[in-house]
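Here is how the chains run, residue by residue.
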Amino acid sequence: MTQTFEITAQGHPRLSRMRGIFAEQYRFSRDLVDRAAMAFGKPWADEAEETLQVLFSDDEALALAVKGYSAFALDSMRRQARFEKDLAYPAKTYEEAAREVYFNDDHMMGVYLPGLLLSHFLWPHHYRQLEFFDTAFVAPMRAAGGDRFVEVGVGTGLYSRRLLQALPGATGHGLDISPASQAYANRHLSAFGFGDRYQVHLRDVAEEAEASASWLVCVEVLEHLEDPVTFLQTLRRTLAPGGRAFITAALDAANADHIYLYRTSEQVQAHLEAAGFALEQAFLGAAYKPVRAGAPVPLAAAFVVL
Ligand SMILES: C[S@@+](CC[C@H](N)C(=O)[O-])C[C@H]1O[C@@H](n2cnc3c(N)ncnc32)[C@H](O)[C@@H]1O
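Model, not experiment: these values are computed from the prediction. (Residues numbered from 1 in each chain as written. Predicted model: local features only at pLDDT ≥ 70, side-chain atom pairs only at ≥ 80, totals over all residues. Heavy atoms only, no water.)

Draft legend 1. Inspection of the sheet that holds strand S6 (residues 279-286) at higher detail. Taken together, 7 strands build an open sheet; the order of strands is S3-S2-S1-S4-S5-S7-S6 and the sheet is mixed. Edge positions in the sheet fall to strand S3 (198-202) and S6, since each of these pairs with one other strand and no more. Neighbour-to-neighbour, the strand axes of this sheet turn through a mean angle of 15°, independent of strand direction. Two elements, S6 and strand S7 (residues 299-305), share 7 bridges in a ladder whose sense is antiparallel. Paired with Phe-283 across the two strands is Ala-302, which belongs to S7. Along the sheet face, helix H8 (residues 179-191) touches strand S2 (171-176) and S3 and points at about 175° away from the line of S3. (Pairing = 2+ DSSP bridges. Helix = DSSP H or I, 4+ residues; strand = E, 2+ residues; numbered from the N terminus. Axes fitted to C-alpha atoms, helices over the stretch in contact; angles between N-to-C directions. Contact = heavy atoms within 4.5 Å.)

Here it is as structure tokens:
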């Protein structure tokens, strides 16, 4: 649905500043803020503004985050152009991806994590996935009185933060292999005042997940692994009886650390079912319209499973 909503310096000062930085320095992204405002209206603008105010309150921090996002987006665009021709991700082992990305602190802090975080407000399929998370997972967790959750592959901490904001009585923790993700997510959650309700622990979840969890979140990790089904089986064993999991995968989306290629939502669903999960709800969103008929576009596929 297209709305008529405008970002102004008075109403949304940080968003307005971000739009200015794009216009001055990263012109390929100059329309993103206005396009998202038109598509998602005031609730989107208020949320994005809050994130920028809490995490990037001074101009230098905001400029660095926008710089990181821009490098992340440009790199994704270049890789996607190659993917459009090859219809395959370049061969890479998990170990290579981990070295290049998760254990590369400068890249994680300067490019990857700010890029991922801002993409959730600037890329329509990422924001729609957040909206789906709210209705399909957060609302049922609230209705069921859920008060503890675990996020696996916590990255920026955005999904965990959303749960803590929506459920004031809840506590949770995140697991991630990357010390940079651990530091970034902990800082994110503390800046929002949730430091005493949440902690991130370093863990390779492909080897060991969690003892038991009734509410489990795992966003954009499957496509980072060589063997997603074995990983999903571990998650399934982790889910307590009656529990629910929110699990997503990026499809047709080239990235430095995407090594398992999912092309359809059905392929992800088949992996979830092979691991013993039962599907409750599904979402599929596209990043943009294909540049020509049949050209692949990055997709976000999300599932609530039991
Ligand atoms: C695309 S990011 C996830 C995004 C995150 N959910 C968010 O919203 O920001 C992938 C994350 O998975 C983590 N990861 C990759 N392999 C992992 C593993 N074997 N165990 C734990 N975390 C892993 C990475 O360090 C990275 O933080």
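Draft legend 2. Molecular detail of the site of the ligand. Neighbouring the ligand are 22 residues; Tyr-94, Thr-156, Asp-176, Ser-181 and Asp-204 lie closest to it. Contact distances for the ligand include 3.1 Å between a nitrogen atom and a backbone N or O atom of Ile-177. Within the backbone of Val-205, a nitrogen or oxygen atom sits 2.9 Å from a nitrogen atom of the ligand. Alone, the ligand offers 600 Å² of accessible surface; in the complex the protein occludes 99% of this. Elements represented by at least two residues in the shell around the ligand include exactly helix H4 (94-102) and helix H5 (105-122). Taken together, the residues of the shell around the ligand sort by class into 11 nonpolar, 6 polar and 5 charged. (Near = heavy atom within 4 Å. Polar contact = N/O pair within 3.5 Å; in protein donor to acceptor, adjacent residues only side chain to side chain. Areas by Shrake-Rupley, 256 points an atom, 1.4 Å probe, with all protein chains shown as cover. Nonpolar A, V, L, I, M, F, W, Y, C, P; charged D, E, K, R; others polar.)

Draft legend 3. Quick peek at the packing of helix H2 (residues 32-55) against helix H6 (residues 124-143). For the pair H2 and H6, interaxial distance at closest approach is 13 Å and the crossing angle is 90°. Looking at the two axes, H2 sits roughly perpendicular to H6. Here H2 contributes Phe-40, Pro-43, Trp-44 and Glu-47 to the contact with H6, which in turn contributes Pro-124, Tyr-127, Arg-128 and Glu-131. Split into classes, the residues belonging to the contact of H2 with H6 amount to 5 nonpolar, no polar and 3 charged. (Parallel < 35°, antiparallel > 145°, perpendicular 65-115°, else oblique.)

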